[in-house]
Amino acid sequence: MESKIGKFFESVGTFFTGGDHIPWCDADIVAGCEREVADAEKSDSDAVKSESLMRLSWALVHSKREENVQRGIAMLEASQVGTTNPLMERERMYLLAVGHYRSGDYSRSRQLVERCLEIAPDWRQALTLKKAIEDRITKDGVIGIGIAATAVGLVAGGIAAALSRKK
């Protein structure tokens, strides 16, 4: 019985805090990736440059700072042109989906994650993100309905109070 009550309170807490299982990244990791990109620019290898840019993009879209997330999205969108490697394309789409999810654009994020799942239907990261997106859309819808119902109740209460004063 206690475990059921504990699970109930945990689920309610998760509902209101928006708990997902998408990792976050702090400023130190972003700074380390930026140094890595600067060092890779000195390299002659395009593969080293590309890998360091992907790591920086990953760190940026997983950042808690909105400006980093937007920067990561811009980097990924710019680098998406001319990609011929399907695995790299899938990774870029997934990171774009994470970025859009972090920035609150759930419909765009869902489109991108569904494209990832067309390429790799059993990809666990993409499935986890898709569930997080759907949960967030559902949560926002429930909150929106609650706000609308409260507004309607307040208006109806105000009208009822005004009518009762007239009598």
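All figures in this text were calculated on a predicted structure; none of them were measured in a lab.

> Kindly report on the overall build of the protein chain, identifying the contributing residues and their values.
Helix and strand counts for the protein chain stand at seven helices and zero strands. When the elements of the protein chain are put in sequence order from the N terminus, they spell out α-α-α-α-α-α-α. Sorting the 167 residues of the protein chain into buried and exposed places 29% on the buried side. Within the structure as shown, the protein chain displays about 10700 Å² of accessible surface, and the carbon and sulfur contribution to it stands at 59%.

> An account of the side chain of serine 52 is requested, with residue identities and associated values reported.
Assignment of secondary structure puts serine 52 in helix 3 (residues 46–61). Among the polar contacts listed, one links the side chain of serine 52 to the backbone oxygen of lysine 49, at a separation of 2.9 Å. Excluding residues that lie within four positions of it along the chain, serine 52 makes contacts with Glu36, Val37 and Ala40.

> Now, about the packing of helix 3 against helix 5 (residues 86–102): what can you tell me, with residues and values included?
Pairs of packed helices are described in terms of their axes, by the angle between the two and the distance that separates them. Running from N to C, helix 3 and helix 5 cross one another at 25 degrees; their axes reach a closest spacing of 9 Å. On the basis of the axis angle, helix 3 is roughly parallel to helix 5. Crossing handedness for the pair helix 3 and helix 5: left-handed. In contact with Ser50, Met54, Trp58 and Val61 of helix 3, helix 5 contributes Met88, Glu91, Arg92, Leu95, Val98, Gly99 and Arg102. Split by residue class, the contact of helix 3 with helix 5 holds six nonpolar, two polar and three charged.

> Describe the pattern of salt bridges, and please don't skip the residues or the numbers.
Counted by the stated rule, this structure contains six salt bridges. Of the charged contacts in the structure, one is a salt bridge between glutamate 67 and arginine 65, with a shortest N-O distance of 2.4 Å. The salt bridge partner of aspartate 135 is lysine 131, with a shortest N-O separation of 2.9 Å. Note that aspartate 135 and lysine 131 are positioned in helix 7 (residues 124–166) at a spacing of four residues, about one turn of the helix. On the accessibility criterion, aspartate 135 (42% relative accessible area) is partly exposed.

> I'd like a description of a nonpolar patch on the surface, backed by residues and values.
A cluster of nonpolar side chains, Val155, Ile159 and Leu163, forms an exposed patch at the surface whose accessible area comes to about 290 Å². Along the polypeptide, isoleucine 159 turns up in helix 7.

> So, the packing of aromatic side chains: which residues are in play, and what are the values?
Overall, the coordinates contain two aromatic pairs when judged by the stated rule. Centroid distance tyrosine 94 to tryptophan 123: 5.0 Å. Interplanar angle 55 degrees. Geometry classified as tilted. Here tyrosine 94 is found in helix 5, whereas its partner tryptophan 123 is found in the loop between helix 6 (106–119) and helix 7, with 29 residues between them in sequence. Against the face of tryptophan 123 rests arginine 90, its NZ or CZ located 3.9 Å from the ring centre. Over the aromatic face of tryptophan 24 sits the side chain of arginine 102, whose NZ or CZ is 3.6 Å from the ring centroid.

> How would you sum up the nonpolar core? Please name residues and give values.
Core analysis: the biggest nonpolar cluster contains 24 residues, and Tyr94, Tyr101, Ala126 and Leu129 have the highest contact counts within it. Those elements that provide at least two residues to this core are helix 3, helix 4 (66–79), helix 5, helix 6 and helix 7. With seven residues, helix 5 is the largest single contributor of residues to this core. Sequence-distant contacts of alanine 126, defined by excluding residues within four places in its chain, comprise Tyr94, Val113, Cys116 and Leu117.

Parameters at a glance
Residues numbered from 1 in each chain as written. Predicted model: local features only at pLDDT ≥ 70, side-chain atom pairs only at ≥ 80, totals over all residues. Heavy atoms only, no water. Helix = DSSP H or I, 4+ residues; strand = E, 2+ residues; numbered from the N terminus. Buried < 20%, exposed > 50% of the residue type's maximum accessible area, 1.4 Å probe, protein only. Areas by Shrake-Rupley, 256 points an atom, 1.4 Å probe, with all protein chains shown as cover. Polar contact = N/O pair within 3.5 Å; in protein donor to acceptor, adjacent residues only side chain to side chain. Contact = heavy atoms within 4.5 Å. Axes fitted to C-alpha atoms, helices over the stretch in contact; angles between N-to-C directions. Parallel < 35°, antiparallel > 145°, perpendicular 65-115°, else oblique. Left-handed = near helix turned anticlockwise from the far one by under 90°. Nonpolar A, V, L, I, M, F, W, Y, C, P; charged D, E, K, R; others polar. Salt bridge = Lys/Arg side-chain N within 4 Å of Asp/Glu carboxyl O. Patch = residues over 30% accessible without salt bridge, like charges linked within 9 Å, V, L, I, M, F, W, Y side chains within 5 Å. Phe/Tyr/Trp six-rings, centres within 6.5 Å; stacked < 30°, edge-to-face > 60°. Lys NZ or Arg CZ within 6 Å of the ring centre and 35° of its normal. Core = buried A, V, L, I, M, F, W, Y, C linked by side-chain atoms within 4.5 Å.

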